[in-house]
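A structural walkthrough
Residues per chain are reported as follows:
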Amino acid sequence: MSWLPRLMAHLIAFTLGFSIEVKVHASEHPAPAAHAETATHAPADHDDHASKENETPEDDSVGTDSAPVQLAQAEAPLQEPQNCIATKRTCAVRTETNEKFTWVEGDVTLTLDRGSSIRRETPTLSRLIDGTVWVEAKSEFTIRTEFGDVKLTNGGEMWVTREADRIVVHAPMNDVIVRARGSKEDLLIETGSSNWMSKVALKTGEAETGLPTAIPFREHVERWARLYPGKRKDFRIAVRSFHGRWSRAVEKTATLHKIEFERKIAAIEGDNARKAEAARKREVEDKKLRDLFRKKVFEGL
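Rules behind the numbers
Residues numbered from 1 in each chain as written. Predicted model: local features only at pLDDT ≥ 70, side-chain atom pairs only at ≥ 80, totals over all residues. Heavy atoms only, no water. Salt bridge = Lys/Arg side-chain N within 4 Å of Asp/Glu carboxyl O. Buried < 20%, exposed > 50% of the residue type's maximum accessible area, 1.4 Å probe, protein only. Helix = DSSP H or I, 4+ residues; strand = E, 2+ residues; numbered from the N terminus. Disulfide = S-S within 2.5 Å. Core = buried A, V, L, I, M, F, W, Y, C linked by side-chain atoms within 4.5 Å. Contact = heavy atoms within 4.5 Å.

1. A look at the pattern of salt bridges
Throughout the structure, instances matching the rule amount to 14 salt bridges. The salt bridge partner of E121 is R127, with a shortest N-O separation of 3.1 Å. A relative accessible area of 26% places E121 in the partly exposed class. In this structure, the salt-bridge partner of E222 is R226, at a minimum N-O distance of 3.8 Å. You can see E222 and its partner R226 sitting in helix α2 (residues 217-227), four residues apart, about one turn around the helix. We note that E222, like R226, is buried. Linked through salt bridges whose partners overlap, the residues forming this network are K88, E105 and R120.

2. Focus on α2
Of all 11 residues that make up α2, nine are buried, and the element is covered over most of its length. Taken residue by residue, α2 has F217, H220, V221, E222, R223, W224, A225, R226 and L227 as its buried positions.

3. Some words on the state of the cysteines
If you walk through the whole model with that rule in mind, you get one disulfide. A disulfide bridge connects C84 with C91, and the sulfur atoms are separated by 1.9 Å. Residues C84 and C91 are joined through a disulfide that is right-handed, its torsion about the S-S bond being 60 degrees. Residue classification places C91 among the buried residues on the basis of a relative accessible area of 0%.

4. Some details on the nonpolar core
Ranked by internal contacts, the top residues of the largest apolar core, which has 30 residues, are L110, V133, V135, I143, V150, M158 and V160. Broken down by element, the residue count for this core peaks at four residues, all from strand β7 (residues 125-137). Apart from the residues lying within four places of it in its own chain, the contact partners of V150 are F141, T142, I143, M158, V160, V169, V176, I177, V178 and M197. One finds L71, I215, F235 and A238 within the second-largest nonpolar core, a separate group that totals 18 residues.

5. Observations concerning the environment of R89
Here R89 shows up in the loop between β2 (78-80) and β3 (91-94). Sequence separation between R89 and R120 is 31 residues, and the spatial gap between their C-alpha atoms is 8.0 Å. With sequence-adjacent residues up to four places away left out, R89 is seen in contact with P81, Q82, C84 and R120.

In structure tokens form, the structure reads like this:
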């Protein structure tokens, strides 16, 4: 037998043996049921791209059990000073990576995502240190961050996240006000939109901010699901309501970005025109100098 038939025979034998081993392994270790999802399971059929703005949220965005995929409520979160939650004093609270914590005080509910920390400073102001906080308030409330303040002026809901080098704010239900550090003007984040604040610019002395965009739909629903306190049915209704607000924000922010893009193009074109005109004037001046130089040279002959 030549080397080629022998090689083919070995390959066929290896393939059959591997297939049998895989089938046996699969029968010994069946796949986990659909409901054994982790808290970080992402809804498969959602996309925050504008072309899918009219999609109806699917059931898989809220898990397959009777309630959304949820984090467990921390029974005794880390506190500094110890046991300060029940007091009226300044209090810092932190969650572990496998838990959330819902902190209700008066008409304000603060829900901390996993691995998040916040410090209560007054009844109407808390400082976000790390992670994400979901704020629900019936009156004015402020989240303070290193890059500026995020405010509900008449109550409502907002989500504030501390990322590596910026603060990201989501306004899923109502308008939210942002005052970037060093700025004297408020920045409005409209319903269904998000924006960010970052480091203080040396030239202006103000924290940098971005253009508003629609809230990243899939990312937001996934995080919302793990913090949501109710049933799947209620969550599904809430997601569909949010989807309508999000769709309108997609249209509005897309128009805003188009206007900004056209403004930048016009600015570039204007700059190019100014540069071309300056170059033309330099050429005219250079020609005058060359002509003058030639005239003097010839006059000296």
